[in-house]
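# Close look at the chain arrangement
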Amino acid sequence: ETGVTQSPTHLIKTRGQQVTLRCSSQSGHNTVSWYQQALGQGPQFIFQYYREEENGRGNFPPRFSGLQFPNYSSELNVNALELDDSALYLCASSEAVGLTKNIQYFGAGTRLSVL
Amino acid sequence: DQQVKQNSPSLSVQEGRISILNCDYTNSMFDYFLWYKKYPAEGPTFLISISSIKDKNEDGRFTVFLNKSAKHLSLHIVPSQPGDSAVYFCAASASRNKLVFGAGTILRVKS
């Protein structure tokens, strides 16, 4: 059984650029969530995708957008990068949406640095 | 607003003793709670969870206690081992999609 994989592991961008981060969900999981973890803080929910549709969004501006593909993999896109976007971006997959037992399994993350 | 709080940034425990990590929450709509462990350069790893209809859940050396009236949960690790040294995150769920995380507690188990 393959776990959640994310690419790339590290990325350096300059302010104003755009970035795309990728995530492959765990085998058998059809729901993908994205989180941003700033230094010294817990992960913060960006949004979740289920069956290629957005299923919930956290307090992030529209320049954060995502996609989910038919094979349940996902992308996180961030436009017009700002210095404060520097963080660890985590992808998590889960079995299905709407379950009380909302266990999400995380990848190792992509470390984004914006200069 | 911090709906989930872990007030102890760090905890140091001797090997073989009990580790107790605490978490408080403010949102009474939370009905599912989880603990994750995170090593450097790795993603958070699911450890144990508890539904709001229970007050205790055990899995080997790990036990989670939930006190709904106090809006408090704790994770007990007995006995603690050096390999348990990591950052522990408490998380809560109400909406069946997002998890709300605390800021984490660094646990150091000394041998």
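You'll find the structure just up there.
Summary of the structure given here. (Residues numbered from 1 in each chain as written. Chains lettered and ligands numbered in written order. Predicted model: local features only at pLDDT ≥ 70, side-chain atom pairs only at ≥ 80, totals over all residues. Heavy atoms only, no water.)

## Here we look at the state of the cysteines
Residue and element names in this part refer to chain B. A complete count under the given rule lists two disulfides over all chains for this structure. What pairs with Cys23 in a disulfide is Cys90, and their sulfur atoms sit 2.0 Å apart. Between Cys23 and Cys90, the disulfide has an S-S torsion of -70 degrees and is therefore left-handed. One end of the pair, Cys23, is in strand β3 (residues 19-25); the other, Cys90, is in strand β9 (residues 86-93), and 67 residues separate them in sequence. Residue Cys23 is classed as buried on the basis of its relative accessible area of 0%. Looking at Cys90, the relative accessible area reads 1%, which means it is buried. (Disulfide = S-S within 2.5 Å. Helix = DSSP H or I, 4+ residues; strand = E, 2+ residues; numbered from the N terminus. Buried < 20%, exposed > 50% of the residue type's maximum accessible area, 1.4 Å probe, protein only.)

## What about the sheet that holds strand β6 (residues 56-59) of chain B?
Residue and element names in this part refer to chain B. Taken in spatial order, the five strands of this open sheet run β1-β3-β8-β7-β6, and their pairing is antiparallel. At either end of the open sheet lies a strand with only one pairing partner, and these are β1 (4-5) and β6. The sheet contact formed by β6 and strand β7 (residues 62-67) spans four bridges and is antiparallel. Directly across from Asp59, in β7, lies its bridge partner Phe62. (Pairing = 2+ DSSP bridges.)

## Overview of the sheet that holds strand β1 (residues 5-7) of chain A
Residue and element names in this part refer to chain A. Taken in spatial order, the four strands line up as β1-β3-β8-β7 in an open sheet, and their pairing is antiparallel. Both outer strands of the open sheet, β1 and β7 (64-68), are each paired with one neighbouring strand and no more. Neighbour-to-neighbour, the strand axes of the sheet open up by a mean angle of 20 degrees, direction not taken into account. Where β1 and strand β3 (residues 19-24) come together, three bridges link them in antiparallel fashion. When the bridges of β3 are listed, Thr5 appears paired with Ser24. (Axes fitted to C-alpha atoms, helices over the stretch in contact; angles between N-to-C directions.)

## Things to note about the side chain of Ser51(B)
Checked against the element boundaries, Ser51(B) lands in strand β5 (residues 45-51). Ignoring anything within four residues of it in the chain, the contact list for Ser51(B) reads Asp31(B), Tyr32(B) and Leu66(B). (Contact = heavy atoms within 4.5 Å.)

## Describing the pattern of salt bridges
Considering all chains together, one arrives at six salt bridges over all chains under this definition. Here Lys56(B) makes a salt bridge to Glu58(B), at a shortest N to O gap of 3.7 Å. A relative accessible area of 41% means that Lys56(B) is categorised as partly exposed. Through salt bridges with shared partners, a single network forms among Arg63(A), Glu82(A) and Asp85(A). (Salt bridge = Lys/Arg side-chain N within 4 Å of Asp/Glu carboxyl O.)

## Focus on the packing of aromatic side chains
One pass over the full model with this rule turns up 14 aromatic pairs over all chains. Seen from their ring centres, Tyr25(B) and Phe33(B) are 4.7 Å apart, and the 40 degrees between their planes marks the pair as tilted. On the accessibility criterion, Phe33(B) (1% relative accessible area) is buried. Judged by centre distance (6.3 Å) and plane angle (85 degrees), the ring pair of Phe89(B) and Phe101(B) falls under edge-to-face. With a gap of twelve residues between them, Phe89(B) in strand β9 and Phe101(B) in strand β10 (residues 100-101) connect regions that are remote in the sequence. By the burial criterion, Phe89(B) is buried, and Phe101(B) matches it. The rings of Tyr35(A), Phe45(A), Tyr105(A), Phe106(A), Tyr36(B), Phe46(B), Phe89(B) and Phe101(B) are connected pair by pair, giving a single aromatic cluster. (Phe/Tyr/Trp six-rings, centres within 6.5 Å; stacked < 30°, edge-to-face > 60°.)

## Overview of the nonpolar core
Residues and elements named next belong to chain B. Within the largest apolar cluster, 24 residues are counted, with the highest numbers of intra-cluster contacts made by Val4, Phe33, Trp35, Leu73, Leu75 and Tyr88. Sorting the residues of this core by element identifies β3, β4 (32-38), β5, β7, β8 (72-77), β9 and β11 (105-110) as the ones contributing at least two each. A total of four residues in this core trace back to one element, the largest contributor, which is β9. Beyond its immediate sequence surroundings of up to four residues, Phe33 is in contact with Tyr25, Ile48, Ser49, Ile50, Ser52, Leu66, Leu73, Ala91 and Ala92. (Core = buried A, V, L, I, M, F, W, Y, C linked by side-chain atoms within 4.5 Å.)

Bear in mind that shape data such as this cannot, by itself, settle questions of function.
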